[in-house]
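Residues per chain are reported as follows:
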Amino acid sequence: GDDQDDAMSFHSAKSSTSTGSEYIDAISNYSGEENSRYKLKRINSEKNAATIRIDAIATIVNLACAEENKSKLLNHPGLLDAVTSIALDDIVNEAREHASIVLMNLALEDSNKNFMINEDKLLDTILKLLDDTVDNIRRYVSSVILSLAVSDDSKRMIQYCDGKIIRRLSLILV
């Protein structure tokens, strides 16, 4: 309906303002009408893909807020790998931030803690994200560590990679 159209328009307008210089670059590097149209289509396609990724990970954030979904999401095949991949490697900070929120929400569930603390890829991701340039990502990942620290297997965090997590946390304190 109209509400849905308005929401989509608002989201598209919001997204397009952040990288509008790409449009200007494509137009200013004009070397024929076909080439310019191709560049604009490619830029639109990349923007649409980023918007869709942001919407998808934001949906997972919302789902991970509900207690009854946290365990189901963690156990869904491939979801944790996808979320950690986005948190580490996505070119859009908003998507990376949302992925960090998903990790934080999943770590809040008691039944998820022991599984998560025994996932090397997740712990490696946490270590890398503690050095991220985006403050909120570091904050959300610190919350993951805080949540996992009360698991039955919390000593694994102290021992992981010869104490790298504890050393990294120590550096944050000084």
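Let me begin by describing the structure that accompanies this report. As the structure is a prediction and not an experimental result, all values here were calculated from the model. (Residues numbered from 1 in each chain as written. Predicted model: local features only at pLDDT ≥ 70, side-chain atom pairs only at ≥ 80, totals over all residues. Heavy atoms only, no water.)

1. Let's talk about the overall build of the chain
Rules: For helices the rule is a DSSP run of H or I covering at least 4 residues; for strands it is a run of E covering at least 2, with both sets numbered from the N terminus onward. Note on classification: 1.4 Å probe, protein chains only; a residue is buried when its accessible area is under 20% of the maximum for its type, exposed when over 50%, partly exposed between these limits. Contact criterion: two residues are considered in contact whenever any of their non-hydrogen atoms come within 4.5 Å of each other. Here the accessible surface of atoms and residues is derived via Shrake-Rupley with a 1.4 Å probe, and residues count as covered only by protein chains that are part of the display.
Within the chain one finds 11 helices and zero strands. Put simply, the chain runs from its N terminus to its C terminus through helices and strands in the order α-α-α-α-α-α-α-α-α-α-α. Considering the chain as a whole, with its 174 residues, one finds that 36% of them fall into the buried category. Put simply, of all contacts in the chain between residues at least 6 apart along the chain, 63% involve residues at least 24 apart. About 10400 Å² of surface is accessible on the chain, with carbon and sulfur atoms providing 55% of the total.

2. Digging into the side chain of Thr-84
Rules: For the purposes of these results, a polar contact is taken to be a pair of N or O atoms within 3.5 Å, where, inside protein, one atom must be able to donate a hydrogen and its partner to accept one; residues adjacent in sequence count only when each atom of the pair is a side-chain atom.
With respect to the secondary-structure elements, Thr-84 resides in helix 5 (residues 79-89). A polar contact of 3.0 Å, which involves the side chain of Thr-84, links it to the backbone oxygen of Asp-81. With sequence-adjacent residues up to four places away left out, Thr-84 is seen in contact with Leu-103, Lys-121, Leu-122 and Thr-125.

3. Re the side chain of Arg-156
When you line up the elements, Arg-156 lands in helix 10 (residues 155-159). Classification of Arg-156 as buried rests on a relative accessible area of 19%. Side chain to side chain, Arg-156 and Asn-118 meet in a polar contact 3.3 Å long. Sequence-distant contacts of Arg-156, defined by excluding residues within four places in its chain, comprise Ile-117, Asn-118, Glu-119, Asp-120 and Leu-123.

4. So, the pattern of salt bridges
Where charged atoms from two side chains of opposite charge come close, those side chains can pair. Rule in force here: Salt bridge, as used here, is a side-chain nitrogen of Lys or Arg placed within 4 Å of a carboxyl oxygen of Asp or Glu.
Inspection of every chain in the model, using the stated rule, returns eight salt bridges. With its nearest N and O atoms 3.7 Å apart, the salt bridge here joins Lys-121 to Asp-81. Of the two residues, Lys-121 is situated in helix 8 (residues 120-129) and Asp-81 in helix 5; the sequence distance between them amounts to 40 residues. The exposure class of Asp-81 is partly exposed, given its relative accessible area of 42%. One salt bridge in this structure joins Asp-132 and Arg-96, with 1.8 Å as the shortest N-O distance. Here the residue Asp-132 occupies a position in the loop between helix 8 and helix 9 (135-148), and Arg-96 occupies one in helix 6 (residues 93-107), the gap between them amounting to 36 residues.

5. Some points on the packing of helix 6 against helix 9
Condition: Working convention: axes come from line fits to C-alpha atoms, limited for helices to the stretch in contact. Angles between N-to-C directions cover 0 to 180 degrees. Note that the term roughly parallel is reserved for angles under 35 degrees, roughly antiparallel for angles over 145, roughly perpendicular for angles of 65 to 115, and oblique for everything else. By definition, any crossing whose near helix is turned counterclockwise from its far helix by less than a right angle is left-handed, and any crossing with a clockwise turn is right-handed.
Put simply, helix 6 and helix 9 touch, their axes get as near as 8 Å, and they point 15 degrees apart. Regarding the angle of helix 6 to helix 9, the classification is roughly parallel. Where helix 6 crosses over helix 9, the two elements pack in a sense that is left-handed. Together, Asn-93, Arg-96, Glu-97, Ser-100, Ile-101, Leu-103, Met-104 and Ala-107 of helix 6 and Asn-136, Ile-137, Tyr-140, Val-141, Ser-143, Val-144, Ser-147 and Leu-148 of helix 9 make up the contact between the two elements.

6. Remarks on helix 8
When we look at burial in helix 8, the residues that qualify are Leu-122, Leu-123, Thr-125, Ile-126, Leu-127 and Leu-129. Packed against the buried residues of helix 8 are helix 5, helix 6, helix 7 (110-117), helix 9, helix 10 and helix 11 (164-173).

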